[in-house]
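# Survey of secondary and tertiary structure
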Amino acid sequence: ADFRTPITARVPVLLLSGRFDPVTPPEFAERVARALPLSRHIVTPEGAHGVAGDCPRPAVLHVLVRGTLEGMPDVCR
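To keep things clear, this report deals only with the structure shown in the data block. (Residues numbered from 1 in each chain as written. Predicted model: local features only at pLDDT ≥ 70, side-chain atom pairs only at ≥ 80, totals over all residues. Heavy atoms only, no water.)

## Observations concerning the overall build of the protein
In terms of regular secondary structure, the protein is built from two helices and two strands. Secondary structure elements in the protein, listed N-terminal to C-terminal, are β-α-β-α. Whereas a compact globule of 77 residues would reach a radius of gyration of roughly 11 Å, the protein reaches 13 Å, a difference of no more than 12%. For the protein, the C-alpha atoms occupy an extent of roughly 40 × 30 × 15 Å along the three principal directions. Going through the 77 residues of the protein one by one, you find that 35% of them count as buried. (Helix = DSSP H or I, 4+ residues; strand = E, 2+ residues; numbered from the N terminus. Rg over C-alpha atoms; globule rule 2.2 N^0.38 Å. Buried < 20%, exposed > 50% of the residue type's maximum accessible area, 1.4 Å probe, protein only.)

## Considerations on unusual backbone geometry
One non-glycine residue with positive phi stands out, namely Cys-76, at about 60 degrees. Locating Cys-76 in the fold gives a position in the segment after helix H2 (57–66). Taking the relative accessible area as the measure of exposure, Cys-76 reaches 16% and is therefore buried.

## Considering helix H1 (residues 26–33)
Where H1 is concerned, the buried positions are Pro-26, Ala-29 and Ala-33. Around the axis of H1, the buried residues are gathered within 60 degrees of arc, so they sit on the same side. Structurally, H1 contributes buried residues whose contacts are with strand S1 (13–18) and strand S2 (39–44). (Arc of directions from axis to C-beta. Contact = heavy atoms within 4.5 Å.)

See below:
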């Protein structure tokens, strides 16, 4: 019954979406982000599925190296 209950956590979470992803569209990440108060969602404007290597790469590396969303570069505009 709790399969669809959102997981909540107070940890930095970076969510990545591709605008043209037919499997996990940006709307899914937006729903997830509502339950994660320290999350940031990046949508690649021309991306599909598996976008970590595209324009969000500097942001992904920032979060992996520093463990925080603070000071994360502004990407994918």
